[in-house]
Amino acid sequence: MRTLKPQDARRIETLLERMTLTEKLGQLTMMSASHSVTGPVITGHSTGDIRSGRIGNLLNLIGAGAAREMQRIAVEESRLGVPLLIGLDVIHGHRTIFPPPLAETALFDPVAWALTAREAAREAAADGINMTFAPMLDVSREPRWGRTVEGPGESPWVGRVLAEAKVRGFQGTDLTAGDSIAAVAKHFCAYGAVTAGREYASVDISERTLLEVHMPPFAAAVSAGVVAVMPAFTDLAGIPMTAHAGMLRGRLRRELGFEGVLISDYNAVAELIQHGVAADLIEAATLALRAGVDIDMVSGAYLEGLPAALERGLVSHAQIDESVLRVLALKARLGLFEDPYRRGATPESAAALAERRRLARDVGTRSIVLLTNRDDALPLAGALRRVALIGPLGDAAAEMRGPWWCAAPPDAQVSVLAGMRAALPHAEILHASGVDIAGADERGIAAAVQLCDRAEAVVLCLGEAATMSGEAASRAHPGLPGRQRQLAEAVLQRAAARAIPVIAVLFCGRPLMVPWLAERASALLAAWFPGCEAGHALADLLTGRISPSGRTPITWPRAVGQIPLYFGQRSGGRPTDPSGPFSSRYIDESNAPLFPFGHGLTYGHFALSRLRVTPESAAPSATVSVLVDVENQGRRRGEETVFLFTRRLKSRVAPPTLELHAFGKITLDPGARATLTLRLPLAQLSSLGPDLEPALESGTVEILAGPSADLASLLTVRLQVVA
Ligand code: NOJ
């Protein structure tokens, strides 16, 4: 409550004193609305429950009119007039859809990360929304897990930077402003480590992994001032996060200093029964409240269970009041008491919407990763007369949104077909889907393949439907679904016979295991889901209007059996030696990824040289400069991204092979050469000792810089840390 103005603190204390138990529990309850033809419907409840104070918060309400009406009932018709929190999963845009977080992470551009969140907040706030269940900060080294698409990828350090940018973007500099919304950092904690990548499954990881990998992005969100956090659905070594007092009250509140609201995931309080730690709603509500969960999202356990829990002495009035005060404080910080209608008051101008779509195109283009480009197959030659656009994602406008599309209408997205036609007005774009995304019907393959005979190049659009990643979308076979491989093989064969290039484009929310395609396509792109301007964004790259610059924020394994595969692994005592039998390797697959973290080509060809660090010896409190020369030896302008890793040569705890600490970008014309300088505050090199306490040990640290986490591509220099 330290952040509240004195008059707000008084207001909420007074309100609390006047509240009945039902009204208090209403503040601790968020119910789901959905929009019917006649207006908003609150699942299992009525607007009368807002009037009576039984429901104090809503989610899934879309439309400024509906939000205003619900807010009006709460403010003008309920006894105490407490405004509602109105939340929605505004994950990567509201009406204007940007690429989903994993794709956006590929930009490695914190300014852009903040900007898209800012614009999403503006659009959502214009619809009366005052809270988003974002950012999702779950580090994932698990391509099988569908929710990988919602997060920052495999690096905890990237997760930190993204967390900071997103919180700043959503919440703005003034949380009371009409275009700022409350951010909810989720899902605390380690949801990305679900067993075998299976959605909602148990998490059982070491304390060290929890602290080194999964907590840092949340710590960054808290430092950035995030006002709410959502515990994960999952259990951590047997204790469901919704009931995990040690994690919520201990690590999050006491250790990280989080003072905001803890809001459960959807129905998660009642699901404590299903977890097997509560017999009924009374016990479930007791466990969650005691653990520090303030708001029960939709389960009704607080409303139904807490009165009996109070009577039985399982919880106290003080515990309930503590949570109510936190919720009221958040409403005050959002400025809802001063003006509950500030958000949703002004419709957005056409100019603002057009500007936002321009941003979506820019970010969409920059999120796409050029994975291979044999013999500079891309960009396409300018004078093409006929291009075959083949595959089930070629004319699939709605899929371009990816998961969590909020209020974005399916037809407001630009398909690849539309984008290509606009970009190549003098060329004929021959189109055939060939197969469905996931069906078993192969009858369309022959006709699609025939298009190769009339075309000078093939663009093959393959991958997942938007709903095949995101929540409840784990895949045991994260390759091409349905009969897409059959289509691709047939197209590759025909195109090879005709000596025309095949540009394969993958739409996906995760790395797909397609080594065969990477080997045979002339070029391969990970387009992820590029958002509402998808077709234009992709066409900008294919035609060479813009040089690709996206870098994969997650390692692409070659085979499911390699998972988890990530750059931060420890080498062990018998590190990989492809020629030695007793080393850490597979006998039937290489250890190498299909594409390492950070990989991504441009139309320039960059060479890095002369890596140096200054000073070469420094105290832990110092910041050193790492310099590297970058030269564009190619024939086209391009943007190079350089990653700065470190490797501790000796430590009390076996160090990861690589730790990421910075990245930088430089754009160079053909033949140009420049020096890129990256700053490395040595405090970042602190690591957890055997006692799990952070310490910065003296000694030699290798600094490695290069275009990806592929060890062979990295330049190395040494630094002495003198503690
Ligand atoms: C369940 C998801 O796990 C969570 O991320 C989301 O915010 C809630 N549903 C609300 O839609």
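The rules behind these values
All residue numbers here refer to positions counted from 1 along the written sequence of the relevant chain. Local features in a predicted model are, by the rule used here, given only for residues with pLDDT of at least 70; side-chain atom pairs are given and counted only at 80 or more, and totals for whole chains, interfaces and linings are based on all residues. Neither water nor hydrogens contribute to the side-chain values; these are computed over all heavy atoms in the structure. Put simply, DSSP marks the helices as runs of H or I at least four residues long and the strands as runs of E at least two long, and each gets a number from the N terminus on. Remark: exposure states derive from per-residue accessible area (1.4 Å probe, protein chains only) relative to the maximum for the residue type, with buried under 20%, exposed over 50%, and partly exposed in between. Here a residue is near a molecule or strand as soon as one of its heavy atoms is found within 4 Å of it. A 3.5 Å cut-off defines polar contacts: any pair of N or O atoms within that distance qualifies, except that in protein one atom must be a possible hydrogen donor and the other a possible acceptor, and neighbouring residues in sequence count only when both atoms are side-chain atoms. Using a 1.4 Å probe, the Shrake-Rupley method yields the accessible areas, and only the shown protein chains count as cover for residues. For this classification, the nonpolar set comprises Ala, Val, Leu, Ile, Met, Phe, Trp, Tyr, Cys and Pro, the charged set comprises Asp, Glu, Lys and Arg, and every other residue, Gly included, is treated as polar. Note: pLDDT gives the predictor's confidence per residue, expressed from 0 to 100. We call two residues in contact whenever any of their non-hydrogen atoms come within 4.5 Å of each other.

On to unusual backbone geometry, then. For the bond from phenylalanine 188 to cysteine 189, the omega torsion is 10 degrees, close enough to zero to count as cis. Looking at the secondary structure, you find cysteine 189 in the loop between β6 (182-188) and α8 (207-214). The residue after leucine 378, namely proline 379, is reached through a cis peptide bond having omega 0 degrees. Residue placement: proline 379 occurs in the loop between β12 (369-373) and β13 (386-390). Positive phi is not limited to glycine here, since alanine 196 has a value of about 55 degrees. Classification of alanine 196 by relative accessible area gives partly exposed; the value is 41%. Here the phi dihedral of tryptophan 404 falls at roughly 60 degrees; this positive angle occurs in a residue that is not glycine. Relative to the helices and strands, tryptophan 404 is located in the loop between β13 and α16 (416-423).

Here the focus is the site of the ligand. Neighbouring the ligand are Leu59, Asp89, Phe133, Arg147, Lys186, His187, Met230, Phe233, Asp265, Tyr266, Met297 and Glu471. The contact in question runs from an oxygen atom of the ligand to an N or O atom on the side chain of aspartate 89, over 2.5 Å. For the ligand, an oxygen atom lies 2.8 Å from a polar atom in the side chain of lysine 186. For the ligand, the accessible surface in isolation is 290 Å², of which the surrounding protein chains cover 95%. Of the residues assigned to the shell around the ligand, the class counts are six nonpolar, one polar and five charged.

On average, residues of the protein chain score 96 in pLDDT, and 99% of them are at 70 or above. At the level of individual helices and strands, the protein chain shows its lowest average pLDDT in strand β2 (residues 39-42), which scores 73, and its highest in strand β17 (residues 523-526), which scores 99.

Time to look at the environment of glycine 434. Mapped onto the elements, glycine 434 comes out in the loop between β14 (428-432) and α17 (445-450). Glycine 434 sits 81 residues away from leucine 353 along the chain, and the two C-alpha atoms are 35 Å apart. Sequence-distant contacts of glycine 434, that is, excluding residues within four places in its chain, are made with Gly444, Ile445, Ala448 and Leu487.

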